[in-house]
Every structure is written in C-alpha cells, then in structure tokens.
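Here are the chains, one letter per residue:
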2 protein chains.
Amino acid sequence: MLSMDICADDTAPDPRVCASVMRSERAALDTIGRYKNVSRGETVIWAGDESTICGNLLSGVLKLVACTTQGREQIVGLLYPADFVGQPYPGRAEFTITAMTDAELCVYSRRAFERLLTDQAGMERLLLQRTLAALNIARRQMWTLARTSAAEKVAGFLIDMTSRTASSGCRATYDAPVTFDLPLSRGQIADVLGLTIQTVSRQMTHLKAAGIIRLPGGRAITITDSIGLEARAVAA
Amino acid sequence: MLSMDICADDTAPDPRVCASVMRSERAALDTIGRYKNVSRGETVIWAGDESTICGNLLSGVLKLVACTTQGREQIVGLLYPADFVGQPYPGRAEFTITAMTDAELCVYSRRAFERLLTDQAGMERLLLQRTLAALNIARRQMWTLARTSAAEKVAGFLIDMTSRTASSGCRATYDAPVTFDLPLSRGQIADVLGLTIQTVSRQMTHLKAAGIIRLPGGRAITITDSIGLEARAVAA
DNA sequence: CGCCTGTTTGAGAGTGTTCAAAACAAGTGG
DNA sequence: CCACTTGTTTTGAACACTCTCAAACAGGCG
C-alpha cells in the first residue's frame, strides 16, 4: 500500500501533504497515486507541454524555471517536500520543473486529481490555501528581485536557508554559530536571486571577510553572526 | 438588488467575476456583498492588518504593493475588474492594496466569504483557478524583474498595456497604429517594472526616437511599429 | 501669474555584468 | 600515487547599465 510509505504514522506531525488532509481524502489520494523516483537534474515537467500530471513531493527539492531561448533562466519557485507539483485544470505548463536533488514524488494523473478535487472538498480547500501561500511567497520574491542589492539578496537567502535547513527549531541563541550544508550550488543560488555566479561568490567572500560567515569548504557554511547577517538583509 | 448592478445581463459575456459563477452562487454572493466606492489613492487593505474583508473589483485598477520602511516599494500585482481582492482564511495581509484610479468594489466580510466557499463548491474552484492564474502571472513577472533589461521591460509593458487597454479584439493588422491612454503614470510604471521614473522616461524617449511609438501628450501613446516593439521586448 | 505635479533631460557615480584566468575539489585511469 | 579530466568556486579588470542627484520643462488650477 502506498499509504504505508507516505503516511505510516497517523499521529506524528508529518510535514507531507497527506498529513494535513483527512483520512478519507488520504485514502482517495492513495488509490490514484503512483510512486516515482527522479534523479538530480531530471526534468519532471517541461514548459509548454500539455499539463497531464499532478503530484506532491515526498523528498528532495525541485525548481520551477522560467527561461527563454538561449540560456537566460530564472528560478521562479522552489518546491520542498509536501508541496504540490504541477497544476490542475487544462492548459500548458508555464514553467519547467526539474529536480535539483534526487527526489521522490507521488504522482497522479491530472484528470484523476481533478476528480478528487471535486469529490473531496477538503482537498480543494487545502490546495487553495497552498496556492495562496505560494502566491504570497512569489510576490515577496518579486520585491526581493526588484528592489534589493546583491548584498541584501545573498544575506536574505542565507537567512532563509538557515531557517529551512538548520531545522533546529526556533533557536533562542542568536550568538551560537550554526553550520549546515547549502543545498544549492552558487549557480543555482544565482538563478534564484537573479544574479550571476560571480556576484554571489563575491558577496559570500565579503560576508566571510566581515566575519559574519565561515566557509569551511564544499557546500558547508557557518553562520557566526546572525545579527550582522540580518542587518545586511534589510539594508546595504 | 446588487445583482442588478453587477450582473444586469445574464447572457452578455461579462468579464466580471459574477458572470463566471453559477446563478445560485451569484445569488449567494449578492446576499453577503456590500457595494463600496473608493477614490484614487485610497488604500483598501494595509499590509500587516488582520485580514477581515474580501471582495471583487467591479471597475478601476488596484495595486498590490510590497514596501519596507522608507519608501522602497514595489508593485507586486495589479488588480483589474473581475479580480478577487484580499484573501480568505485567517492571517495578516501581506501587501497593501491601494486604488490607482477611482474604483468600485463588491465587498464581503472574510468570514461570510469563507462560509460561501464552503457552501458553494463552484465558488471555491473558481477562486482556486484565479489564484493559480495569478501565481503564473507573478512568476512570469519574476522572470521579467530579474532577467530583462530596462528596454525589454518597458517594451514588454507597453505590449501588455496595448492588449489590455486597446481592447479592439485581436487585431490582425500589425502595421496599423494604435493609440490609447496609459492607465499608469511614469512613476507607477517604474514601480511595476522595478525601475526608476527616469529610466522609464528615457526608454520611452528611445522608443520615440526609434520611430516605434509616438507620445502625443499627456498619458496618450501611439504604437506605430508593433513588430519593432515586440522585437525589443525579447532582446535588447 | 505663480504654484504644483509629473515628465524629460543631463552628468556623474555606483553596482553588477562580462570576459578571462587561476584556484580548488573530486573522480578516473594509468 | 600521480597525472589528467571535469566541474565548481574564486578572483581580477574593464565595461555597461541603471541609479542618484539636479535642473529644466510642460501642463492644470487656484
């Protein structure tokens, strides 16, 4: 049973979508869902293709990419576990969805998923709330892209990553160094922030020189001065 | 009856929201709706306030503004007639909503609107589809803000405005000049595109010098070379 | 007419990009 | 173990673009 994999425990606070819907809806999801593994770099949905599948992300990170002919591309959204993938209702996909890490999906045919939305009112409401939240995130990102400097963008990004990756809950200790691995390469960070690789790298170097972060090597990063970092996230 | 004002004609292809929902839902909307007039510059919802009202726009244009302390602001969305205003479900408003022109709204209390969403499944689906569309628009705009030059931004904006304002249907005549009034000031255009007033003005001047547009005066604009304009919208 | 608001134009400065090369890390095969 | 490849990150210098500051211009209204 798929439900065993996805929602093995009814009581645990599961971040995945199925935990937030009711039992009956979860059962309905399971009946139409198909488990799918994708590996890093693999594209799940191509922009321009007819939208035929929906799903939700179980593990890994996907990116939504807007791009034109010859390379100018921009990541317009990141999908984390529990997020919906794709869009219901007919039409062409607006953006290409690609795995940034190996990922696991629970995939539904779009038609089946739409039937489910109709039959299970709670599911439609959940999707609506998710979509409203995604819209707010996208609009905040518009502000970031349009009105902040490279220094603010990178600092803000690192803060976001800290709260998402170093999931040590709400640490009260502002002065304790936190170390974690950035899940994105410099290039991918540049794609998210609307910058170039070089600019991202330079900003990182500046932060390191200012004693705000350390870069032990590889993807690792240590935040040594959260307050200083936050100060740089709001003003140059 | 409010319905007389909003949806006087059942058969005409009415762009407003009520035309796209079914009779019963429209009737339900009317019972909870309150007509409201706002004048240019008036703010309907303040960012950070508890979300207590929803509505839909009957006429005029509203802007969604993201801003921080001291003036750096960015328009993250425009609302046109038929669009939903505000968001259902508890929480604080993320963005300030202000009228850019005199406008007419049909306002519902958030609670009443939520009840309606529950009772009328079609309404919830409509709102979901609208929200998905708004999300796509926001993401496309992210691409524009992050990866296009000022010249491309302004050219693209003028094309959008042409198709929206000069509502002469789908003109097959690419070479016929089109004239219309821009609904936004230079400053407002700058806020939408993430530029400054001066840069917008300069780009307009360049387009005029290139013989692509004419600026007869006031808010008026004439597109004399749609093809040239579109060429500039995709590449510098 | 003066005032107010919005637009245009100019000159200079700052920021991020582009192009280019070096440094670094990790994996492969000799 | 070492050369060699491949891919990423860092660093540098020059350039281009947009912003900032500042002033001139145009129209609407008391």
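For clarity, every value in this text was computed on a predicted model and none was experimentally measured.

**A closer look at the pairing of strand E10 (residues 213-217) of chain A**
Residue and element names in this part refer to chain A.
Inference 1: By the bridge criterion, 3 bridges tie E10 to strand E11 (residues 220-223) in an arrangement that is antiparallel. When the bridges of E11 are listed, Arg-214 appears paired with Thr-222.
Inference 2: What sits between the antiparallel neighbours E10 and E11 is a turn of 2 residues, in which Gly-218 has the positive phi angle 65 degrees.

**Some details on the nonpolar core**
Inference 1: In terms of nonpolar packing, the biggest core is built from 48 residues, with Leu-62 of chain A together with Leu-62 of chain B touching the most fellow members.
Inference 2: Not counting residues up to four positions away in its chain, the partners in contact with Leu-62 of chain B are Leu-57, Gly-77, Leu-78, Leu-79, Val-85, Ile-97, Thr-98, Ala-99, Met-100, Ala-103 and Leu-105 of chain B.

**What to know about the protein's contact with DNA strand D**
Inference 1: Of all residues adjacent to DNA strand D, which total 18 residues, the nearest are Arg-186, Ser-201 and Thr-205 of chain A together with Ala-150 and Thr-199 of chain B.
Inference 2: The sugar-phosphate portion of DNA strand D accounts for 58% of its atoms within 4 Å of the protein, the bases making up the rest.
Inference 3: In the environment of DNA strand D, a phosphate oxygen lies 2.9 Å from a nitrogen or oxygen atom belonging to the side chain of Ser-201 of chain A.
Inference 4: With respect to DNA strand D, the side chain of Thr-205 of chain A contributes an N or O atom lying 2.8 Å from a phosphate oxygen.

**Considering the interface of chain A and chain B**
Many authors give the size of an interface as the accessible area that is lost as the parts come together.
Inference 1: Listed as interface residues are 43 residues of chain A and, on the opposing side, 43 residues of chain B.
Inference 2: Contact between chain A and chain B buries roughly 4100 Å² in total, counting both sides, with carbon and sulfur atoms accounting for 59%.
Inference 3: Scanning the region where chain A abuts chain B turns up 8 salt bridges.
Inference 4: Its salt-bridge partner being Arg-147 of chain A, residue Asp-191 of chain B comes within 3.8 Å of it at the nearest N-O pair.

Conventions we followed
- Residues numbered from 1 in each chain as written.
- Chains lettered and ligands numbered in written order.
- Predicted model: local features only at pLDDT ≥ 70, side-chain atom pairs only at ≥ 80, totals over all residues.
- Heavy atoms only, no water.
- Pairing = 2+ DSSP bridges.
- Helix = DSSP H or I, 4+ residues; strand = E, 2+ residues; numbered from the N terminus.
- Core = buried A, V, L, I, M, F, W, Y, C linked by side-chain atoms within 4.5 Å.
- Buried < 20%, exposed > 50% of the residue type's maximum accessible area, 1.4 Å probe, protein only.
- Contact = heavy atoms within 4.5 Å.
- Near = heavy atom within 4 Å.
- Polar contact = N/O pair within 3.5 Å; in protein donor to acceptor, adjacent residues only side chain to side chain.
- Buried area = accessible area lost by both parts, 1.4 Å probe.
- Salt bridge = Lys/Arg side-chain N within 4 Å of Asp/Glu carboxyl O.

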